[in-house]
Amino acid sequence: MGAPSAKDLQILGERTHYEAVRGSRDDEREWLRDHPFCPLLAQHDLEHLGVMRAQAPFQVTRYNQSGTFMLACFKGSGLVLVDGSRHRIRAGEACLLPPFVMNSLRCEEGTPRHFSWVRYLETREVNPIVSAHSPISAKFPADPMRRAIQGLRAEASTTGNPASMQLWVDLVQSYVARFAQPYQSDSRLYRVWNAVEQEPGKPWTLTELAILASVSEEHLRRLCKKELGRSPMQHVTFLRIQKACHLLSTTDAKIESIASEVGYQNPFTFSTTFKRWVGWRPSKHRRLSGGS
């Protein structure tokens with residue numbers, strides 16, 4: 001779940017139990033160091049993965065998580081912070097949290113959550129597995145991925161046969177990729193979000209998006225909620241903020257110019273929206289990413 005910073009929070013609690021596999025022998029964090037190592041995770045930039053049975057007071061907050069995080073719930077429910085608000089993820093659902101923003105997981109008292117997780121280690125110079133077309137949350141058959149992770153852990157803990165571990169690793173990766181790229185099944189959404197990505201500064205309206213998709217506004221809302229876990233206009237905001245993150249990290253353009261380029265004529269509105277979605281203001285994001 002990421003290398004903690006000074007402000008990160010990790011409360012597991014005595015009633016929380018987990019089984020993990022780590023991708024590096026050098027990862028000596030207390031919560032991971034006694035778990036088996038699988039060098040093949042590095043093929044897919046996987047830092048660690050596992051299965052957890054969590055109960056309150058379980059809470060994990062990462063303020064600048066350096067890699068995509070996928071959680072697939074197979075029993076109970078819990079809260080996940082994404083897009084600046086809390087989402088409840090229930091059994092039979094999964095969520096995909098992008099890198100380099102604030103992420104948080106929490107269990108409520110009396111409501112345990114059993115889930116599997118997959119955590120990537122990514123840099124700002126490469127495209128993460130989460131894309132503009134990836135859902136934040138959606139239905140997902142969580143049990144097969146849980147069993148694949150447990151199979152990998154069992155192999156890594158015993159004989160460590162490379163061929164067997166390779167099969168388990170590739171299977172886990174295929175489950176994540178299938179969840180992360182749902183747009184392939186619906187070309188209508190692909191057309192819409194490609195257009196928004198090309199012109200993030202355009203004052204998009206729901207009507208224009210529906211015309212691009214060749215569906216009614218209400219049908220577009222249903223499609224987006226099912227495939228992405230967001231409303232159409234929320235996803236426009238997501239794409240704008242992702243573009244702004246990239247520009248802040250890779251250019252020395254003024255924040256006011258970046259705001260305008262991604263559709264915000266008022267820099268204060270841009271800064272406030274950016275903080276709500278990412279966890280801090282654009283100036284701090286530039287400092288954290290090493291930008292100018």
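The present account deals with the structure reproduced in this document. Just so you know, these numbers come straight off a predicted model, no measurement behind them.

A few words on the environment of Leu-71. Examined against the element boundaries, Leu-71 turns out to sit in strand β5 (residues 69-82). C-alpha of Leu-71 to C-alpha of Gly-50: the two residues are 21 residues apart in sequence and 9.9 Å apart in space. Ignoring sequence-local partners within four residues, the contact set of Leu-71 consists of Ile-89, Glu-93, Ala-94, Cys-95, Leu-105, Arg-113, Phe-115 and Ser-116.

Now for the environment of Lys-225. When you line up the elements, Lys-225 lands in helix α5 (residues 217-228). Separated by 89 residues in the primary sequence, Lys-225 and Ile-136 have C-alpha atoms spaced 9.8 Å apart.

With that settled, the discussion passes to helix α4 (residues 206-213). Along α4, the positions that sit buried rather than exposed are Leu-206, Leu-209, Ala-210 and Ala-213. For α4, the angular spread of the buried residues around the axis is 100 degrees, confining them to a single face. The first or second residue beyond α4 is Ser-214, which carries a positive phi of 60 degrees.

Further remarks concern the pairing of strand β8 (residues 103-106). The sheet contact formed by strand β4 (residues 59-62) and β8 spans four bridges and is antiparallel. Among the inter-strand pairings, Thr-61 is bridged to a residue of β8, identified as Ser-104. Pairing geometry for β5 and β8, over three bridges, is antiparallel. Considered in β8, the bridge of Leu-79 is made with Arg-106.

Before going further, it helps to spend a moment on the nonpolar core. Core analysis: the largest hydrophobic core is formed by 32 residues, its most contacted members being Trp-193, Val-196, Leu-209, Leu-220, Phe-270, Phe-274 and Val-278. Elements that contribute at least two residues to this core include exactly α3 (187-198), α4, α5, α6 (232-250), α7 (255-261) and α8 (267-278). Tallying contributions element by element places α6 first for this core, with eight residues. Setting aside chain neighbours within four positions, we find Leu-209 in contact with Val-192, Trp-193, Val-196, Trp-204, Leu-220, Pro-232, Met-233 and Val-236. Grouped together as the second largest cluster of nonpolar side chains are 30 residues, Leu-49, Leu-96, Ile-129 and Ala-156 included.

How each quantity is defined
- Residues numbered from 1 in each chain as written.
- Predicted model: local features only at pLDDT ≥ 70, side-chain atom pairs only at ≥ 80, totals over all residues.
- Heavy atoms only, no water.
- Helix = DSSP H or I, 4+ residues; strand = E, 2+ residues; numbered from the N terminus.
- Contact = heavy atoms within 4.5 Å.
- Buried < 20%, exposed > 50% of the residue type's maximum accessible area, 1.4 Å probe, protein only.
- Arc of directions from axis to C-beta.
- Pairing = 2+ DSSP bridges.
- Core = buried A, V, L, I, M, F, W, Y, C linked by side-chain atoms within 4.5 Å.

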